4 protein chains.
Amino acid sequence: MTVHSRPAPAVVLGQNQYGKAECHVVRITRDGATHHIKDLNVSVALSGDLEDVHLFGSNANCLPTDTTKNTVYAFAKQHGIESAEDFGILLARHFVTSQGPIKRARIRVEEYAWDRIARGNEDGGGAGGHSFVRRGQETRLAQVTFDGERWQVVSGLKDLVVLNSTDSEFWGYIKDAYTTLEEAYDRVLATEVSARWRFGWSGEPHREPAWESSYRRVRADMLQAFAETYSLSLQQTLYEMGSRVISRNDEVDEVRFSLPNKHHFLVDLEPFGLENGADDAAVYHAADRPYGLIEATVLREGAEAGIPHDLTNL
Amino acid sequence: MTVHSRPAPAVVLGQNQYGKAECHVVRITRDGATHHIKDLNVSVALSGDLEDVHLFGSNANCLPTDTTKNTVYAFAKQHGIESAEDFGILLARHFVTSQGPIKRARIRVEEYAWDRIARGNEDGGGAGGHSFVRRGQETRLAQVTFDGERWQVVSGLKDLVVLNSTDSEFWGYIKDAYTTLEEAYDRVLATEVSARWRFGWSGEPHREPAWESSYRRVRADMLQAFAETYSLSLQQTLYEMGSRVISRNDEVDEVRFSLPNKHHFLVDLEPFGLENGADDAAVYHAADRPYGLIEATVLREGAEAGIPHDLTNL
Amino acid sequence: MTVHSRPAPAVVLGQNQYGKAECHVVRITRDGATHHIKDLNVSVALSGDLEDVHLFGSNANCLPTDTTKNTVYAFAKQHGIESAEDFGILLARHFVTSQGPIKRARIRVEEYAWDRIARGNEDGGGAGGHSFVRRGQETRLAQVTFDGERWQVVSGLKDLVVLNSTDSEFWGYIKDAYTTLEEAYDRVLATEVSARWRFGWSGEPHREPAWESSYRRVRADMLQAFAETYSLSLQQTLYEMGSRVISRNDEVDEVRFSLPNKHHFLVDLEPFGLENGADDAAVYHAADRPYGLIEATVLREGAEAGIPHDLTNL
Amino acid sequence: MTVHSRPAPAVVLGQNQYGKAECHVVRITRDGATHHIKDLNVSVALSGDLEDVHLFGSNANCLPTDTTKNTVYAFAKQHGIESAEDFGILLARHFVTSQGPIKRARIRVEEYAWDRIARGNEDGGGAGGHSFVRRGQETRLAQVTFDGERWQVVSGLKDLVVLNSTDSEFWGYIKDAYTTLEEAYDRVLATEVSARWRFGWSGEPHREPAWESSYRRVRADMLQAFAETYSLSLQQTLYEMGSRVISRNDEVDEVRFSLPNKHHFLVDLEPFGLENGADDAAVYHAADRPYGLIEATVLREGAEAGIPHDLTNL
């Protein structure tokens, strides 16, 4: 921090970062008639000796955000995109090691998955080819931070909507003067999973995790834990999801969830002479707002928490 | 239309409709341990003898939008939801036949698909169960209109993003003083499909189409035609998609598409000494705006067009 | 329409249009130290002799959407932007008159308003200068259609949210088996105005309306009518808004509204020993979905309706 | 933190919080014929002795999110809404002091401003009345955190879009192998301000700041600094905005900005024989993505930074 001299009071520059956000890069590789696609939205944030640009508008230490964007596209060509995490590592290393004033780089990636469009009957499931449909389910996330010495990699996902139509209860809670909620012994439990998980890996000489297979396992563990937990609260489900991720994936030290409780309210149909309970056929109103929001971190014992508390802005 | 007497000029009420929009109804049915889910967002629009409510605020002929909402939820319980189209038919018939002043009802439905979360190894693909993950790909659409005599059913989808990484060219177009575009002999072709298709069925004594299987076939035909067409323009691809739908699905008389051209521009990497062409590994910038927008209707010969021209508002 | 010969069934091309959507053009003009800004989002849709591009991928009659985009930017420089409507007229005339195969052009514009940032004490409310803050209230809309002979101009706005905290009732409506709504004698009435109004002007020799002042008047008339109407239903308020627009603006022949009823529900605070009525201080829950949706056209007597029924897609 | 005993590895619960998000409360007060409106979207997040709910699903210490929602609405009636900050303080104090297990509360508020609709000629600018139009410019933000001892109040805003059409340059930056950007000596500088500022006030016996007038001053200072700074980089403009806020508002100790550089690119019109420079009339393409993103904190000397680094998620 640098003190900027003004009469009174003195004003100080604090943490700062800058870069190009949302470089949407698509890389197509051709393996004969079979093509492969990687679809990433990359955001760069750089920090370093940048007081002068803030205080005096001197850009001598400033690598333009336009250049960071060019680097994203050029690296996709030069180095390929093995995974979002690998690509983030390449970029972060480049910015920190090639520019003296840049001391820290953080690369954030959103990745969109694509499935192949199966060809029709005529030529069977043949070559696979060059036609894709965007899967459109969760958005995969990766964040790589490098300060010249240590690496931090946080992977994640958002927009994954899940629902259990039974095996969820909620009762035994505090009742105060403002409580009107009825206890529930068989309710719908639904949420839109936003999760971030931090890897223990901090750089050489340790071997990098296998990012792609790790992602698939962590995602599957979260889904399994959601589906298999008989839930007495969304917090309990969250914790089961987190502890399954930690206990089954040695490479992950910490996971944080932000789980909106997507309320499905049983509609009161009594005025129309209809019973509506969580029995053979139940009708729910899927509400928008307000919604419960449950957030927590689950850690490997001994690990230090490193993921910020707020994954969303509400 | 009714003339509302004012000194000068006389003002007239034209087409009008009203109802509750976006009733988000989820119905869970239990078949032993195997549950089923239908997730619909239903909008009701009613027309009829409604001049007095507009001109004088007399609500004597007005069924409140709140009541139309209640009806949606009650019908989900009473009649179930066989398909979005069936549910729309039930609702439209009810409003038109039960309320004298209501002469026409239009029910619009958005449907969100859910997949089962497969259980882990322990008990195999067993019972199926009660855990779901939202598919998150296209949104299915249905619109049912009934005026007491004739039915019109239009199904559709939106948000289905597809991409061909080759077999697309664009050349031989008009060049004028404002043309700078280079001709392309191997480009990426990507779009977000918004489609509506109208059924020939207009009511009894004709048998209703099998809405669910029809949807699956039409969707598959569109995807196949997109994938298999060697494209010289997005218009050609659109027409192939439409004509395949019409020629393979007897129940469909008309289909309209709104296809934004999701431009994937080859990044110019020459300044960095890198060649970047549509060869073994190409890097594209996926652009947002502006975008080409291609819209057209394809009809069965002899059919009269009934789908409005603008599926989006731009 | 052209019949595309296939064995069976024959398939026909219907209405079609294409062009570049959402060209976001900002024009800054300098009048000494005082600058002016026009901020438009322009979408072009062209129709004409375009069968061959659909059926055979022949682009000989196709002016690329990229060229239509270039034309938007070039025209902003060459001709300036007097108003959204004037700019649309220039573009539509150009496309139809300069390209034989193009028989019809429709230009849609969204316009974003900017206010000046008032300078501080030093030089008073002086010259105004070059600093702006986006107003962020309604989005202004304009649509110009030209087929080589006749012009149609439709102006409009969206996203204008208004609220009356009293002088609104709703009672005397139909009650059926699904009605639970209580009658209301003093409620909040709020809506987000989406409106389109069509001008009588259809081209020379008639003089063009003064588009900018007309917009301001129509907008003010709608707001005044909303504020001044003692409302027995949102339909009545809509009609008062529309008839005021028609009766006070000779240049406008038709106006259509899509008015979502932004429900503000009095919260039931009785469980907490609190009365909550529409009296000195009332607390409302502002709900999202579902919402009533009221849509209607109001016409000058003798005018033919020309605005499509659906301004939104629900 | 509590160790949850599992064979291996041990898993630990970290930071956690929960509550009801986005309670949209509107309060109308009547001062004779003149009404007043407060329109807040309130999110509650509580922390405390909540291990058991996570580990075992025991809700004994859990105040349901539904109750926190009820409290928001009831407090709006009981205590009124003096300001977003005052309302947050009331709620935070209540949750922490009334429930033993709740040790910390954070209340976040979004506030939407409304203007009066001026009545027409008949009765002048008179009483004001009961008709409002949503201003629709920035969204005001407030966050109150209380742990039973200390208060932290952070106010803010988002969505405030500003533009200088001159007095902005960018040159003298690092050039590396990936740099193609041309230096600019007269460019458009535009951004969408997202800001948060932290008050020094931490509770009694110190007097609370006057939240409403403080907001107006801080907002005006930011706008003035943006307008009056001759900018050599967006970082410099940010710093001027921040230092003006700190130096002119004694109650504020820290401010953080997230400023996307809303690029306005001069369109290359040379292919059409048109010059287009930042002179008397210039045409820009307002780009969407990617965009520069400039973020920094500015502090009063001696103050400790307390605002998280990421105001957005990219």
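Reading the values: rules and limits
- Residues numbered from 1 in each chain as written.
- Chains lettered and ligands numbered in written order.
- Predicted model: local features only at pLDDT ≥ 70, side-chain atom pairs only at ≥ 80, totals over all residues.
- Heavy atoms only, no water.
- Helix = DSSP H or I, 4+ residues; strand = E, 2+ residues; numbered from the N terminus.
- Buried < 20%, exposed > 50% of the residue type's maximum accessible area, 1.4 Å probe, protein only.
- Lys, Arg positive; Asp, Glu negative; His and termini not counted.
- Charge placed at Lys NZ, Arg CZ, Asp CG, Glu CD.
- Least-squares fit on C-alpha atoms with pLDDT ≥ 70 in both.
- Contact = heavy atoms within 4.5 Å.
- Salt bridge = Lys/Arg side-chain N within 4 Å of Asp/Glu carboxyl O.
- Buried area = accessible area lost by both parts, 1.4 Å probe.
- Polar contact = N/O pair within 3.5 Å; in protein donor to acceptor, adjacent residues only side chain to side chain.
- Nonpolar A, V, L, I, M, F, W, Y, C, P; charged D, E, K, R; others polar.
- Pairing = 2+ DSSP bridges.
- Expected span 1.5 Å × (residues − 1).
- Phe/Tyr/Trp six-rings, centres within 6.5 Å; stacked < 30°, edge-to-face > 60°.

Asks: Please provide a residue-by-residue account of the overall build of chain A, values included.
Replies: Summing up its helical and strand segments, chain A has 5 helices and 14 strands in all. Judged by the C-alpha coordinates and their principal axes, chain A covers about 75 × 75 × 40 Å. Here chain A holds 314 residues, and the buried ones make up 64% of them. Considering chain A, the positive charge centre built from 33 side chains and the negative charge centre built from 46 side chains are found 8 Å apart.

Asks: Any details on the relation of the copies chain A and chain D? Residues and values, ideally.
Replies: Structural alignment of chain A on chain D gives an RMSD of 0.0 Å, achieved by rotating through 180 degrees and translating 0.0 Å along the axis. Here the transformation between the copies is reduced to the relation of a two-fold axis. Here 100% of the contact residues of chain A are again contact residues in chain D; the copies associate through an equivalent surface.

Asks: So what's going on with the side chain of Glu295 of chain A? Which residues, and what values?
Replies: You can see Glu295 of chain A is positioned in strand β14 (residues 291–300). The charged side chain of Glu295 of chain A is buried without a salt bridge, its nearest counter-charge being Arg106 of chain D at 4.8 Å. Not counting the four nearest positions on each side in its chain, Glu295 of chain A is found in contact with Leu238, Arg256, Phe257, Ser258, His309, Asp310, Leu311 and Thr312 of chain A together with Gln15, Asn16 and Gln17 of chain D.

Asks: Tell me what's going on with the side chain of Asn261 of chain A, and back it up with residues and numbers.
Replies: Residues and elements named next belong to chain A. Checked against the element boundaries, Asn261 lands in strand β11 (residues 252–261). With a relative accessible area of 9%, Asn261 lands in the buried category. Discounting residues that sit within four places of it in the chain, Asn261 has contacts with Arg187, Leu189, Ala190, Leu234, Tyr291 and Gly292.

Asks: I'd like to hear about the interface of chain A and chain D, residue by residue, with values.
Replies: Facing 88 residues of chain A, the contacting portion of chain D comprises 88 residues. Between chain A and chain D, roughly 7800 Å² of surface is buried when both sides are summed, and carbon and sulfur atoms account for 53% of that area. Where chain A touches chain D, the interface holds 6 salt bridges. Between Arg108 of chain A and Asp310 of chain D there is a salt bridge, with its nearest N and O atoms 3.3 Å apart. Counting the contacts that link chain A with chain D gives 49 residue pairs in polar contact (both at pLDDT 80 or more). Among the elements that take part in the side of chain A that touches chain D, strand β2 (residues 11–21) of chain A stands out by supplying 11 residues, more than any other. For the side of chain A that touches chain D, the residue count by class is 38 nonpolar, 34 polar and 16 charged. Pairing of β2 of chain A with strand β14 (residues 291–300) of chain D involves 9 bridges; the strand directions are antiparallel. Looking at β14 of chain D, one finds that Gly19 of chain A is bridged to Leu293 of chain D.

Asks: Could you give an account of the relation of the copies chain C and chain A, naming the residues involved and the relevant values?
Replies: Two copies of the chain are present, and they differ by a rotation about an axis and a shift along that axis. Superposing chain C onto chain A takes a rotation of 180 degrees combined with a translation of 0.0 Å along the rotation axis, leaving an RMSD of 0.0 Å. Take the interface residues of chain C: 100% of them recur as interface residues in chain A, which is what a same-surface contact looks like.

Asks: Describe the pattern of salt bridges, naming the residues involved and giving the relevant values.
Replies: Inspection of the entire model under this criterion finds 85 salt bridges over all chains. Here Asp186 of chain C and Arg30 of chain D are joined by a salt bridge, their closest N and O atoms 3.0 Å apart. Taken together, the residues Asp186 of chain C in the loop between β9 (151–164) and β10 (189–199) and Arg30 of chain D in strand β3 (residues 23–31) connect one chain to another. Put simply, Lys38 of chain D and Glu111 of chain D hold a salt bridge, and the shortest N to O gap is 2.9 Å. A residue pair is termed long-range when its members are at least 10 positions apart, and Lys38 of chain D in strand β4 (residues 34–48) and Glu111 of chain D in strand β5 (residues 102–111) qualify at 73 residues. As far as the burial class goes, Lys38 of chain D and Glu111 of chain D line up, both buried. Taken together, the shared-partner salt bridges connect Lys38, Glu85, Glu111, Arg140 and Glu212 of chain A into one network.

Asks: Could you give an account of helix α3 (residues 84–98) of chain B, naming the residues involved and the relevant values?
Replies: All names here are of chain B. For α3, which comprises 15 residues, the first-to-last C-alpha distance of 21 Å matches the rise-based estimate of 21 Å (1.5 Å per residue) to within 8%. Within α3, 11 of the 15 residues are buried, leaving the element largely enclosed by the surrounding structure. Among all positions of α3, only Ala84, Glu85, Asp86, Phe87, Gly88, Ile89, Leu91, Ala92, His94, Phe95 and Val96 are buried. Next to the buried residues of α3 lie β4 (34–48), α2 (65–78), β5 (102–111), β8 (139–146), β9 (151–164) and α4 (211–228).

Asks: Tell me about the interface of chain C and chain A, residues and numbers included.
Replies: The partner chain A presents 10 residues to the 10 residues of chain C that form the contact. For the pair chain C and chain A, the summed buried surface comes to about 780 Å²; carbon and sulfur atoms form 58% of the total. Of all residues in chain C, Phe272, Asp288 and Arg289 of chain C give up the largest surface area on contact with chain A, accounting jointly for 54% of the area buried on that side. Here chain C is connected to chain A by 2 salt bridges. Asp288 of chain A serves as the salt-bridge partner of Arg289 of chain C, at 2.8 Å between the closest nitrogen and oxygen. Linking chain C with chain A are 2 residue pairs in polar contact (both at pLDDT 80 or more). Classifying every residue of the side of chain C that touches chain A by side-chain character gives 5 nonpolar, 3 polar and 2 charged.

Asks: So what's going on with the packing of aromatic side chains? Residues and values would help.
Replies: All names here are of chain C. Counting across every chain of the model gives 36 aromatic pairs over all chains. Seen from their ring centres, Phe199 and Trp211 are 4.9 Å apart, and the 90 degrees between their planes marks the pair as edge-to-face. Linking Phe199 in strand β10 with Trp211 in helix α4 (residues 211–228), this pair joins segments that are 12 residues apart in sequence. A single burial state applies to Phe199 and to Trp211, both of which are buried.

Asks: Help me get a handle on the pairing of strand β7 (residues 131–134) of chain B, residues and values and all.
Replies: In the sheet, strand β9 (residues 151–164) of chain A pairs with β7 of chain B via 3 bridges, with the strands oriented antiparallel. Considered in β7 of chain B, the bridge of Asn164 of chain A is made with Ser131 of chain B. Note: strand β6 (residues 114–116) of chain B against β7 of chain B, 3 bridges, orientation antiparallel. By the bridge assignment for β7 of chain B, Asp115 of chain B is matched with Val133 of chain B.

Asks: Requested: an account of the pairing of strand β9 (residues 151–164) of chain D, with residues and values cited.
Replies: Residues and elements named next belong to chain D. The buried count for β9 comes to 11 of 14 residues, which makes it a mostly enclosed element. Here strand β8 (residues 139–146) pairs with β9 via 8 bridges, running antiparallel. Residue pairing in the sheet places Thr145 in a bridge with Gln152 of β9. Hairpin geometry of β8 and β9 is characterised by an intervening segment of 4 residues between the two adjacent antiparallel strands and by a positive phi of about 95 degrees at Gly148. Sheet analysis places β9 next to strand β10 (residues 189–199), joined by 9 bridges and oriented antiparallel.

Asks: Residue-level account of unusual backbone geometry, with values.
Replies: Residue Pro205 of chain A is bonded to the preceding Glu204 of chain A through a cis peptide linkage, with omega at 5 degrees. One can find Pro205 of chain A in the loop between β10 (189–199) and α4 (211–228). Of note, the amide linkage connecting Arg289 of chain B to Pro290 of chain B takes the cis form, showing an omega dihedral of -5 degrees. Residue placement: Pro290 of chain B occurs in the loop between β13 (281–286) and β14 (291–300).

Asks: Pulling in residues and values, what's your account of the environment of Leu266 of chain C?
Replies: Residues and elements named next belong to chain C. The topology assignment puts Leu266 in strand β12 (residues 264–266). Between the C-alpha atom of Leu266 and that of Val283, which follows or precedes it by 17 residues, the distance is 6.0 Å. Here Leu266 is in contact with Asn276, Gly277, Ala278, Ala282, Val283 and Tyr284, once residues within four sequence places are set aside.

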